[in-house]
Amino acid sequence: MLSDIIDVLADPADGTALSGVDDFTRLVSESGHSFDVARQGFVTLAPGAGLRHRGDSMEMVRARETFLSRGHFAPFVEAVTSGVHDALDDAAVPDTARPVIADIGAGTGYYLSHTLDDVEGSRGVGLDISVHAARQLTRCHKRVGSVVADVWAGLPMRDRSIDVVTVVFAPRNAAEFARVLKEDGQVVFLTADRGHLAELREPLGILDVEDGKIERLVEQARGHLTPVTEPELIEFPMVLDRESIAAQIGMSPSARHIGPGELDRRIQALPETMTVTARAHLLRMGRA
Ligand SMILES: C[S@@+](CC[C@H](N)C(=O)[O-])C[C@H]1O[C@@H](n2cnc3c(N)ncnc32)[C@H](O)[C@@H]1O
């Protein structure tokens, strides 16, 4: 709930602290700005005229929920949770500290809720630009507060307030991550690598991940964040039926250039089940 994380949230316009009023139906900042909490329990924290991008559609969020609930990405979720544990251990955060984990582009909350279950007493900020994702995030875990915001417009969080930032296949604003991290805090990135879903690329006509993505991440973060580990390759086979393949494609923008009818025809032409490679790098970075 938002009340669990109110101490880390900030006015998106001027960074001042927020507090809940009228039974947490509104958040009000020290400078007097007011933000309504939606009936479903999330709050939109956007400066000025609001949000320009909309992020994942309802269909994409549903497809993501379907795919992830089948456990196909279990090794990814285990790796992210273990990365968070390692980050907390490096910073010697005691169990009693109620650490805050901010998941950026959190989607359905699959990764964040798994991590919160595993890290006793931890609290989560589930941030996404999509209101459809935000609705899911309010329901994903009782210790999650759900926030709609654009990572490129700045994070509506206090300076030095977050123990661990997680970014799973989502946009990266290194300067903002460095600003909100506590002194010894870390960012845990999971980034798709070339070869991810390789077996589906040709038959479905979808684009591959570009080369050198992890190197570019490190380069773009220079001056803000610096690696504390070597990138760890996480690669495993998934056995997917056509429904899971349709859900996987439906949750990503990779097939937007193909018409839905044509995409469906290509999926139906696939074997009943296929072994498909999942491949990504996990990287932890601390403040530079
Ligand atoms: C590929 S999905 C990953 C979702 C989730 N991390 C997962 O792996 O299941 C990317 C997510 O980032 C969100 N997103 C896209 N642009 C964003 C932005 N500028 N600010 C915040 N979230 C954004 C999308 O709405 C979507 O939920």
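Residues numbered from 1 in each chain as written. Predicted model: local features only at pLDDT ≥ 70, side-chain atom pairs only at ≥ 80, totals over all residues. Heavy atoms only, no water.

Look at the UniProt record and you will see "binding site: S-adenosyl-L-methionine" (unreviewed entry) annotated at Phe73, Thr108, Gly109 and His196. Filtering the just-named annotated residues for those lining the largest pocket gives Phe73, Thr108, Gly109 and His196. With respect to the helices, strands and loops of the structure, phenylalanine 73 is situated in the loop between α2 (58–69) and α3 (74–90). Among the residues examined, phenylalanine 73 registers a relative accessible area of 2% and is labelled buried. Ignoring sequence-local partners within four residues, the contact set of phenylalanine 73 consists of Phe67, Leu68, Tyr110, Tyr111, Phe169, His196, Phe236, Met238, Gln248, Met251 and Ala278. (UniProt positions renumbered as here; feature names shortened; annotations may be inferred. 1 Å grid on protein atoms, 1.4 Å probe; cavity = no way out; pocket = protein on both sides within 12 Å on 5 of 7 lines; lining within 4 Å. Helix = DSSP H or I, 4+ residues; strand = E, 2+ residues; numbered from the N terminus. Buried < 20%, exposed > 50% of the residue type's maximum accessible area, 1.4 Å probe, protein only. Contact = heavy atoms within 4.5 Å.)

It is worth spelling out the layout of surface pockets at this point. Space inside the largest pocket adds up to approximately 1,100 Å³. What lines the largest pocket is a set of 48 residues, among which Arg64, Phe169, Ala170, Met251 and Pro253 lie closest to the centre. Counting only elements with at least two residues in the lining of the largest pocket, the list comes to α2, β5 (100–104), α4 (110–118), β6 (123–128) and β9 (181–192). Considering every element that reaches the lining of the largest pocket, the biggest residue donor is α2, with four residues. Residues that form the lining of the largest pocket fall into these classes: 26 nonpolar, 11 polar and 11 charged. (Points joined across faces, edges and corners; volume = space filled by probe spheres on them. Nonpolar A, V, L, I, M, F, W, Y, C, P; charged D, E, K, R; others polar.)

Quick look at helix α5 (residues 131–140) now. Of the residues making up α5, those classed as buried are Ala133, Ala134, Gln136, Leu137 and Cys140. Seen end-on, α5 carries its buried residues on one side only, within an arc spanning 160°. Buried residues belonging to α5 abut α2, α4, β6 and β7 (144–148). If you check the start of α5, you find a side-chain oxygen 3.2 Å away from the backbone N of histidine 132, and it comes from serine 130. (Arc of directions from axis to C-beta. Polar contact = N/O pair within 3.5 Å; in protein donor to acceptor, adjacent residues only side chain to side chain.)

Turning our attention to unusual backbone geometry. Keep in mind that most residues, glycine aside, have a negative phi and that most peptide bonds are trans. Non-glycine residue aspartate 23 carries a positive phi angle of around 60°. Phi at phenylalanine 24 takes a positive value of approximately 60°, unusual for a residue other than glycine. Along the chain, phenylalanine 24 turns up in the loop between β1 (18–21) and β2 (26–29). Given the relative accessible area of 27%, phenylalanine 24 is considered partly exposed.

Moving on: the environment of aspartate 23. Among the secondary structure elements, aspartate 23 is positioned in the loop between β1 and β2. For aspartate 23, a relative accessible area of 76% puts it in the exposed group. Along the sequence, aspartate 23 and serine 3 sit 20 residues apart, while their C-alpha atoms lie 9.8 Å from each other.

Take the pairing of β5 next. Taking burial as the measure, the five residues of β5 include five buried ones, the bulk of the element. Side chains Val100, Ala102 and Ile104 of β5 all project onto a buried face; the interleaved residues Ile101 and Asp103 project onto the opposite face, where all are buried too. Of the pairings in the sheet, the one linking β5 to β6 comprises five bridges and is parallel in character. Each bridged residue has a counterpart across the sheet, and for valine 100 the counterpart in β6 is arginine 123. Running through α4, the crossover from β5 to the neighbouring parallel element β6 is right-handed. For β5 and strand β8 (residues 162–168), the ladder comprises four bridges, and the chain directions are parallel. Bridged to isoleucine 104 within β8 is valine 167. (Pairing = 2+ DSSP bridges. Right-handed = clockwise from strand over helix to strand, strands pointing away.)

Further remarks concern the site of the ligand. With respect to spatial proximity, 18 residues lie near the ligand, and among them Gly105, Asp128, Asp150, Val151 and Val168 are the closest. Here valine 168 contributes a backbone N or O atom positioned 2.9 Å from a nitrogen atom of the ligand. Burial of the ligand by the protein amounts to 88% of the accessible area it has alone, namely 600 Å². Here the ligand occupies the largest pocket. (Near = heavy atom within 4 Å. Areas by Shrake-Rupley, 256 points an atom, 1.4 Å probe, with all protein chains shown as cover. Sits in = over half its atoms within 2 Å of the grid points.)

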